[in-house]
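Coordinates in review
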Amino acid sequence: MQRKHQRTLKAIFNRPVSANIKWADIEGLFIALGATITEREGSRIAVILDNEVQVYHRPHPQPTTDKGAVASVRNWLDGLGYNPSDSPKDRNDNTNEPNENAPVQED
């Protein structure tokens, strides 16, 4: 993922919620994560990521996204496992190898 998309992901997860994130940057992040975006009625778009569909309203005439939409995007991405504290899932990595840096739980 490019640094621009990493910055957008961090901005989405910042607290308090930012109202200065450009919608075009959020769409770019979706695409970088492997999403498919399709046009719907009016200003709506459907975002398909990891076989889940979310419908969003493209903001207009301002290019920035309101806080409610940013929170919705954050909740959806977090639920799918995409967040800035971890590196986003590598969509091309289908191996089930354990993470060497993962904590080991001993009984």
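A brief structural summary.

How each quantity is defined
Residues numbered from 1 in each chain as written. Predicted model: local features only at pLDDT ≥ 70, side-chain atom pairs only at ≥ 80, totals over all residues. Heavy atoms only, no water. Axes fitted to C-alpha atoms, helices over the stretch in contact; angles between N-to-C directions. Helix = DSSP H or I, 4+ residues; strand = E, 2+ residues; numbered from the N terminus. Parallel < 35°, antiparallel > 145°, perpendicular 65-115°, else oblique. Left-handed = near helix turned anticlockwise from the far one by under 90°. Contact = heavy atoms within 4.5 Å. Buried < 20%, exposed > 50% of the residue type's maximum accessible area, 1.4 Å probe, protein only. Expected span 1.5 Å × (residues − 1). Polar contact = N/O pair within 3.5 Å; in protein donor to acceptor, adjacent residues only side chain to side chain. Pairing = 2+ DSSP bridges. Salt bridge = Lys/Arg side-chain N within 4 Å of Asp/Glu carboxyl O.

Considerations on the packing of helix H2 (residues 23–32) against helix H3 (residues 67–80)
Two numbers describe how H2 lies on H3: the axes approach to 13 Å, and their chain directions differ by 10°. For the element pair H2 / H3, the angle class is roughly parallel. Two packed elements cross with a definite hand, and for H2 against H3 that hand is left-handed. Between H2 and H3, the contacting residues are Trp 23, Ile 26, Leu 29 and Phe 30 on the first element and Val 73, Trp 76 and Leu 77 on the second.

Here's the deal with H2
Restricting attention to buried positions, one finds in H2 the residues Trp 23, Ile 26, Glu 27, Gly 28, Leu 29 and Phe 30. Where H2 is buried, its residues meet helix H1 (3–13), strand S1 (36–39), strand S2 (44–49), strand S3 (52–57) and H3. Following H2 by one or two positions, Gly 34 adopts a phi angle in the positive range, close to 100°.

Brief notes about H3
With 14 residues, H3 extends 20 Å between its outermost C-alpha atoms, agreeing within 8% with the 20 Å of an ideal straight helix rising 1.5 Å per residue. Among the structural elements, H1, H2, S2 and S3 are those in contact with the buried residues of H3. Near the N-terminus of H3, the side chain that reaches the backbone nitrogen of Gly 68, with its oxygen 3.0 Å away, is that of Asp 66. Immediately beyond the C-terminal end of H3, within one or two residues, lies Gly 81, with a positive phi of roughly 95°.

Section: the environment of Thr 65
With respect to the secondary-structure elements, Thr 65 resides in the loop between S3 and H3. In sequence terms Thr 65 and Asn 20 are 45 residues apart; their C-alpha atoms lie 6.7 Å from each other. A distance of 3.4 Å separates a polar side-chain atom of Thr 65 from the backbone nitrogen of Trp 23.

Quick notes on the pairing of S2
The pairing of S1 with S2 spans four bridges and is antiparallel. Bridge assignment links Thr 36 to a residue of S2, and that residue is Ile 48. Between S1 and S2, which pair antiparallel in sequence order, lie four residues; one of them, Gly 42, sits at a positive phi of approximately 60°. Two strands pair when backbone bridges link them, and S2 and S3 are joined in this way by six bridges, in the antiparallel orientation. Residue pairing for S3: Ile 45 is matched across the bridge by Tyr 56. Connecting S2 to the antiparallel partner S3 that follows it, the hairpin turn spans two residues, and Asp 50 within it adopts a positive phi of roughly 55°.

What about the pattern of salt bridges?
Applying the stated criterion across every chain, the model contains three salt bridges. One salt bridge in this structure joins Arg 58 and Glu 27, with 2.6 Å as the shortest N-O distance. Residue Arg 58 is found in the loop between S3 and H3, and its partner Glu 27 is found in helix H2; the two are separated by 31 residues along the sequence. Of the residues examined, Glu 27 reaches a relative accessible area of 13% and is grouped as buried.

The quantities given are spatial measurements derived from coordinates; they are silent on function.
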